[in-house]
Amino acid sequence: MLRSLVGSEVCIRDRYQRRVHGSLQMVFHPDRIQDNCTRADTRYAQAYSAHINEAYKALSHDLHRAVYLLKINGIAVLEEGERTEDPQLLEEMLEMNERIQETQDSKELSEIRKTIEKKKKNILSEIGRLFITQTYYSIRPLLNELKYLTTSEEMLTNAEERLANQS
């Protein structure tokens, strides 16, 4: 079902996602089931609604969306705890994370956020191009970088909250 919603689109507009999710839930949400429906109908609606919510969650997250699209194309992807072998990427991410943890300046955090967002945008654009050309195996290293950037972005959000609470 998720495959029919996305095809191989890596870059999906949030508004489109919300509209499709809402439309599907209007039809399949268990609360929409009429009183004269059978228990089997209700169970079907519950299962389908849960599947719709799972799909929406996957589509709403850049990394999860790309991983899903690779999986449906038969490509093994990031396993839990899998690490990159690219020492340059590891060093770059380590330095960025140290900057995030050590800074006490919201402007510096803002600059780091801009850097992360720019890198993610470039990676997603390249991943989209690779999906179009069906060069799936070239996507894995980009997913590793996207995974690290996503982790750094989460650290950045925590650091921003920490600074806001200190004010």
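Residues numbered from 1 in each chain as written. Predicted model: local features only at pLDDT ≥ 70, side-chain atom pairs only at ≥ 80, totals over all residues. Heavy atoms only, no water.

Of all residues in the chain, 81% have pLDDT values of 70 or greater, and the mean over the chain is 80. Predicted confidence for residues 1–8 stays below pLDDT 50, and this span has 22 contacts to residues more than four positions away or in other chains. (pLDDT = per-residue confidence, 0-100. Contact = heavy atoms within 4.5 Å.)

Take the pattern of salt bridges next. Following the criterion strictly, the structure yields 9 salt bridges and no others. We note a salt bridge from E153 to R113, for which the minimum N-O separation is 3.9 Å. Taken together, the residues E153 in helix 7 (residues 139–166) and R113 in helix 6 (residues 106–132) connect sequence positions 40 residues apart. Each member of the pair, E153 as well as R113, carries the same accessibility label: buried. Within the structure, one salt-bridge network assembled from shared partners comprises D62, R65, R113, K120, E153 and E160. (Salt bridge = Lys/Arg side-chain N within 4 Å of Asp/Glu carboxyl O. Helix = DSSP H or I, 4+ residues; strand = E, 2+ residues; numbered from the N terminus. Buried < 20%, exposed > 50% of the residue type's maximum accessible area, 1.4 Å probe, protein only.)

Axis separation between helix 4 (residues 62–72) and helix 6 bottoms out at 12 Å; the angle between their running directions is 15°. Here helix 4 is positioned roughly parallel relative to helix 6, judged by the angle of their axes. Here the hand of the crossing between helix 4 and helix 6 comes out left-handed. Note on element contacts: helix 6 touches helix 4 through K120, L124, I127 and F131, opposite D62, A66, L69 and L70. When the residues that make up the contact of helix 4 with helix 6 are grouped by side-chain class, the tally is 6 nonpolar, no polar and 2 charged. (Axes fitted to C-alpha atoms, helices over the stretch in contact; angles between N-to-C directions. Parallel < 35°, antiparallel > 145°, perpendicular 65-115°, else oblique. Left-handed = near helix turned anticlockwise from the far one by under 90°. Nonpolar A, V, L, I, M, F, W, Y, C, P; charged D, E, K, R; others polar.)

Its 21 residues place the ends of helix 3 (residues 39–59) 30 Å apart at the C-alpha level, agreeing with the 30 Å of an ideal helix rising 1.5 Å per residue. When we look at burial in helix 3, the residues that qualify are A45, S49, I52, A55, A58 and L59. (Expected span 1.5 Å × (residues − 1).)

Here the focus is the nonpolar core. The biggest cluster of nonpolar side chains holds 29 residues, and the ones touching the most others in it are L70, I127, I139 and L143. Secondary structure elements with two or more residues in this core: helix 4, helix 5 (87–102), helix 6 and helix 7. Element by element, the count of residues in this core is highest for helix 7, at 9 residues. Excluding residues within four positions of it along the chain, L70 makes contact with I75, V77, F131, Y136, I139 and L143. (Core = buried A, V, L, I, M, F, W, Y, C linked by side-chain atoms within 4.5 Å.)

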